[in-house]
Amino acid sequence: MAGVCSLLVLLLVFNSSCLGFRSPLSVFKRFKETTRSFSNECLGPSRPVTPVDSSDFTLDIRMPGVTPKQSDTYFCMSMRLPTDEEAFVIDFKPRASMDTVHHMLLFGCNMPSSTGSYWFCDEGTCADKANILYAWARNAPPTRLPEGVGFRVGGETGSKYFVLQVHYGDISAFRDDHKDCSGVSLHLTRLPQPLIAGMYLLMSVDTVIPPGQKVVNSDISCHYKKYPMHVFAYRVHTHHLGKVVSGYRVRNGQWTLIGRQSPQLPQAFYPVEHPVDVSFGDILAARCVFTGEGRTEATHIGGTSNDEMCNLYIMYYMEAKHAVSFMTCTQNVVPDMFRAIPPEANIPIPVKPDMVMMHGHHKETENKDKTSLLQQPKQEEVLEQDFHVEEALDWPGVYLLPGQVSGVALDPKNNLVIFHRGNHVWDINSFDSKFVYQQRGLGPIEEDTILVIDPNNATVLQSSGKNLFYLPHGLSVDKDGNYWVTDVALHQVFKLDPNSKESPLLILGRSMQPGSDQNHFCQPTDVAVDPDTGTIYVSDGYCNSRIVQFSPSGQFITQWGEESSGSNPAPGQFSVPHSLALVPHLSQLCVADRENGRIQCFKTDTKEFVREIKHASFGRNVFAISYIPGLLFAVNGKPYFGDQEPVQGFVMNFSSGEIIDIFKPVRKHFDMPHDIAASEDGTVYVGDAHTNTVWKFISTEKMEHRSVKKAGIEVQEIKESEAVVETKMENKPASSDLQKMQEKQKLIKEPDSGVPVVLITTLLVIPVVVLLAIAIFIRWKKSRAFGDSEHKLEASSGRVLGKFRGKGSGGLNLGNFFASHKGYSRKGFDRLSTEGSDQEKDEDDGSESEEEEYSAPLPAPTLSSS
């Protein structure tokens with residue numbers, strides 16, 4: 001193959017005609033005897049190299065379908081950089097799960113230790129110096145490099161090969177002899193980066209942990225003697241006995257924290273809380289805290305699950321002209337210095353006992369002599385991650401107030417995309433008994449229904465979708481940024497170019513024609529697009545109970561699912577499949593089976609049922625789900641009459657299915673959270689179809705960091721941010737539809753029509769005048785009968801005021817008031833006639849509607865709507 005490519009190069013004088021790769025299929029020839037299809041289970045993208053644009057490309061580095069036969073197997077494979085020119089790695093995406101893989105390392109080198117498709121890493125990783133570029137373990141999220149920073153590869157000085165090392169700690173997941181294709185996807189660019197990333201590894205090589213000893217410290221320190229480097233991320237790694245790992249820069253006796261983390265939490269690269277620069281003459285120091293409790297023999301540093309490791313990876317960048325790609329420290333050159341280490345380095349980070357599970361590398365090897373180990377308590381096995389989110393109270397997007405929010409998603413730039421219904425609502429009159437839309441006379445929605453929102457300040461960056469939709473529902477964004485949406489009135493699925501307002505790129509289904517064959521949908525709810533294969537999955541829907549699969553070009557492939565029967569639905573039975581979430585690295589598709597109150601996951605290749613996730617705290621509904629590596633997010637529905645489970649959001653560990661966090665908003669409240677979208681940094685957005693609101697939630701780590709920067713001016717910032725977003729939206733050149741939406745905001749926040757202001761003022765002043773008159777009358781009456789007793793007057797006035805304060809049953813409904821005046825919106829005051837079809841319950845009487853998310857407002861007792 002190489003000779004043929006060389007000949008083509010000579011004949012055609014075209015260097016790019018041969019990339020130096022073997023055919024991906026040739027890698028797997030030695031595994032012809034396997035019974036599974038690699039094209040479905042292993043290959044992922046059809047080519048390992050995918051062009052992004054003229055300067056960028058992606059590189060998919062995967063294990064070529066391996067099956068480890070014993071625990072603690074280390075497999076390595078290599079891939080040559082597809083260009084001899086200098087390139088820069090600017091992004092990493094892991095393609096692995098802790099269900100099968102304990103950890104992965106990606107090295108850069110000029111020559112791998114083997115030329116085979118894969119080999120045992122005991123033979124070595126690289127024939128020359130190996131530079132660690134990336135490390136992943138235990139469902140860690142993707143590493144993000146700062147803008148302008150990249151790992152340099154290729155050219156005269158950079159690595160020519162990537163070597164992937166995968167450690168399979170426990171092989172119980174391979175009892176079915178399936179093939180594993182774990183790995184990592186890289187995003188590379190040929191554009192020179194001004195700042196070059198590198199890795200500094202502090203590693204102990206001689207620590208011994210005595211059996212039964214409660215606390216054992218392993219210290220590492222080295223003098224730094226290079227050009228300045230700037231630390232932006234860190235990762236800790238130990239095995240089972242590690243409790244906490246801390247890293248510091250020591251300068252003139254002052255200890256500055258780089259990072260501190262429990263190695264039993266997801267071993268990701270975490271961003272440093274504050275930027276740390278390291279200069280010539282500084283000392284880099286690290287401490288790992290272990291325990292020997294439960295062991296009957298000494299534990300040494302080593303590569304198996306019964307050995308230990310003490311590693312601190314520091315990811316940094318340097319100016320390109322001085323850059324060093326990899327540095328190590330394996331000594332403790334200043335041991336006396338650790339007498340002054342900050343106390344925090346000695347305090348283990350607690351991990352919740354209920355987050356514990358047996359798994360992988362931390363599970364003792366079956367072949368190990370069992371006399372060397374005592375039975376470990378269950379909570380001391382693998383510890384799962386802790387994750388907590390709270391509302392971002394300084395985010396002004398909660399005040400956008402579009403129409404009914406049916407879908408939320410994130411585009412490739414991490415901007416928020418909202419799909420809303422404008423002035424259309426889904427109510428009891430929207431469909432007939434055969435699910436045919438009855439309000440076609442209204443025409444399509446005349447305003448832009450798709451809004452692209454800045455995730456930081458909620459500015460509307462872009463809008464589209466005018467005169468296309470009748471009742472928007474589901475929204476997703478594929479890896480190329482295309483929008484995939486569903487319309488339950490049209491019974492169709494659309495693929496839209498985000499940068500064009502021309503006709504849709506693809507339409508599935510027949511307009512206004514409900515059906516259940518290969519060419520029709522019946523109120524389809526959501527779409528998911530496989531990032532590797534482009535395969536399209538549609539959840540269909542309110543009147544069909546199925547998942548439909550299409551090719552990237554829209555050709556029908558297959559379908560599965562059926563309507564639920566009885567109170568205990570079987571796997572593959574649905575009652576309104578409402579939301580989809582792909583788990584690409586596991587080849588799974590998860591479905592929010594809404595009315596059955598559960599989540600079902602299936603293999604995308606075989607459609608085989610994998611598992612059900614169901615919790616009592618879900619109540620009877622699960623409306624929407626979203627997946628990021630290691631975590632599954634969900635929102636439920638309002639409780640039925642007599643039920644106790646509140647409407648709220650959930651964070652679950654995907655591997656175990658256990659709930660690790662529950663969240664609710666502070667500003668406003670969930671009424672019908674209809675869709676949820678999570679970004680890989682842990683930010684979560686929830687769109688509500690009743691309150692027409694979108695909330696942003698962030699991890700508490702981020703919130704605490706932001707609070708430090710705000711330095712006590714949180715309230716001022718919130719108010720200023722609201723003003724800023726209003727000002728920006730007013731000043732931003734926008735379509736008339738956006739202006740209309742913004743005018744609605746102003747009408748709600750600052751009513752400027754004379755009549756409503758006078759009426760409101762009058763209604764507020766009258767009770768005050770009456771109250772004062774009563775108080776004056778009481779005072780006059782008592783002064784005549786009993787004399788002017790001050791304390792009696794006060795007591796009497798207090799009783800009168802108390803009666804008025806306690807009389808709250810017949811207050812003014814501002815929603816009904818504003819609704820009675822043409823041109824005013826009641827949004828923000830009470831629940832508007834909302835999305836109809838979710839068998840939604842009314843809070844007041846617990847009755848059920850026959851339609852979807854419909855709940856009509858109670859009529860006003862005195863004011864009528866015109």
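This one's a predicted model, so the numbers in the text were calculated from it and none came from an experiment.

So, on to the overall build of the protein. Summing up its helical and strand segments, the protein has eight helices and 49 strands in all. A separation threshold of at least 6 residues defines the contact pool for the protein, and within that pool the share at least 24 residues apart is 67%.

Throughout this description, disulfide means a covalent bond between two cysteine sulfur atoms. Following the criterion strictly, the structure yields six disulfides and no others. Here Cys-109 is linked by a disulfide to Cys-126, with a sulfur-sulfur distance of 2.5 Å. Because the sign of the S-S torsion sets the handedness, a value of about -80 degrees for the bond joining Cys-109 and Cys-126 places this disulfide among the left-handed ones. With a gap of 17 residues between them, Cys-109 in strand β5 (residues 103–109) and Cys-126 in the loop between β6 (119–120) and β7 (131–137) connect regions that are remote in the sequence. Accessibility expressed as a relative area gives 1% for Cys-109, which makes it buried. On the basis of relative accessible area, Cys-126 is assigned to the buried category, the value being 12%. Across a sulfur-sulfur distance of 2.0 Å, Cys-288 and Cys-310 are joined as a disulfide pair.

So, about the pattern of salt bridges. One pass over the structure, following the stated rule, counts 18 salt bridges. Residues Asp-532 and Arg-62 are paired through a salt bridge, measuring 3.5 Å at the closest nitrogen-oxygen approach. Of this pair, Asp-532 sits in the loop between β33 (524–529) and β34 (536–540) while Arg-62 sits in strand β2 (residues 56–62), and the two are 470 residues apart along the sequence. Judged by relative accessible area, Arg-62 falls into the buried class, the value being 13%. Measuring nitrogen to oxygen at the nearest pair gives 3.8 Å for the salt bridge that ties Asp-336 to Arg-339.

Attention now moves to the confidence of the model for the protein. Should the pLDDT be low somewhere, the predicted coordinates at that spot are not to be read in detail. The share of residues in the protein with pLDDT of 70 or more is 72%, and the mean pLDDT across the chain is 77. With pLDDT under 50 throughout, residues 704–755 is counted as low confidence; its partners more than four residues away or in other chains account for 64 contacts.

The next thing to look at is a nonpolar patch on the surface. Nonpolar side chains collect at one region of the surface, where Val-768, Leu-772 and Ile-776 lie side by side and expose about 300 Å² of accessible area between them. Residue placement: Val-768 occurs in helix α6 (residues 754–786).

Glancing now at the environment of Phe-618. Here Phe-618 is to be found in the loop between β42 (609–613) and β43 (622–628). Relative accessible area serves as the criterion here: at 1%, Phe-618 is assigned to the buried category.

Moving on, we come to the sheet that holds strand β47 (residues 673–678). Across a sheet, paired strands are connected by hydrogen bonds in the backbone, their directions being either parallel or antiparallel. Read from one edge to the other, the open sheet built from four strands follows the order β24-β49-β48-β47, with strand pairing classed as antiparallel. Every other strand in the sheet has two partners, leaving β24 (389–391) and β47 as the edge strands with one partner each. Geometrically, the sheet is characterised by an average inter-axis angle of 25 degrees between neighbouring strands, direction not taken into account. Sheet analysis places β24 next to strand β49 (residues 693–699), joined by three bridges and oriented antiparallel. From the neighbouring strand, Glu-391 faces β49, where its bridge partner is Phe-697.

What follows deals with the packing of aromatic side chains. One pass over the structure, following the stated rule, counts 29 aromatic pairs. Both rings, one in Tyr-168 and one in Phe-174, keep their centres 5.6 Å apart while their planes meet at 85 degrees; by these two values the pair is edge-to-face. Between the aromatic rings of Tyr-537 and Trp-560, the centroid separation amounts to 6.4 Å while the plane-to-plane angle is 75 degrees, which identifies the pairing as edge-to-face. Note that Tyr-537 is positioned in strand β34 and Trp-560 in strand β36 (residues 556–560), a separation of 23 residues in sequence.

Let us look at the sheet that holds β33. Taking strand neighbours across the sheet as the criterion, the four strands line up as β33-β34-β35-β36 in an open arrangement whose pairing is antiparallel. The sheet terminates laterally at β33 and β36, the two strands that pair on one side only. Averaged over all neighbouring strand pairs, the angle between strand axes comes to 20 degrees, with direction disregarded. The pairing of strand β35 (residues 546–550) with β36 spans four bridges and is antiparallel.

Of all nine residues in strand β14 (residues 229–237), eight are buried, a share of seventy percent or more. With five bridges joining them, β14 and strand β17 (residues 270–278) adopt antiparallel strand pairing. The residue bridging His-230 from the neighbouring strand is Asp-277, located in β17. As paired strands, β14 and strand β20 (residues 311–319) are joined by seven bridges and run antiparallel to one another.

Moving on to unusual backbone geometry. The peptide bond linking Asp-540 to Gly-541 adopts the cis configuration, its omega dihedral lying at 0 degrees. On the secondary structure map, Gly-541 appears in the loop between β34 and β35. Unlike most non-glycine residues, Gln-523 shows phi in positive territory, near 55 degrees. Here Gln-523 is to be found in the loop between β32 (506–508) and β33. We classify Gln-523 as buried; its relative accessible area is 4%.

The rules behind the values
- Residues numbered from 1 in each chain as written.
- Predicted model: local features only at pLDDT ≥ 70, side-chain atom pairs only at ≥ 80, totals over all residues.
- Heavy atoms only, no water.
- Helix = DSSP H or I, 4+ residues; strand = E, 2+ residues; numbered from the N terminus.
- Contact = heavy atoms within 4.5 Å.
- Disulfide = S-S within 2.5 Å.
- Buried < 20%, exposed > 50% of the residue type's maximum accessible area, 1.4 Å probe, protein only.
- Salt bridge = Lys/Arg side-chain N within 4 Å of Asp/Glu carboxyl O.
- pLDDT = per-residue confidence, 0-100.
- Patch = residues over 30% accessible without salt bridge, like charges linked within 9 Å, V, L, I, M, F, W, Y side chains within 5 Å.
- Areas by Shrake-Rupley, 256 points an atom, 1.4 Å probe, with all protein chains shown as cover.
- Pairing = 2+ DSSP bridges.
- Axes fitted to C-alpha atoms, helices over the stretch in contact; angles between N-to-C directions.
- Phe/Tyr/Trp six-rings, centres within 6.5 Å; stacked < 30°, edge-to-face > 60°.

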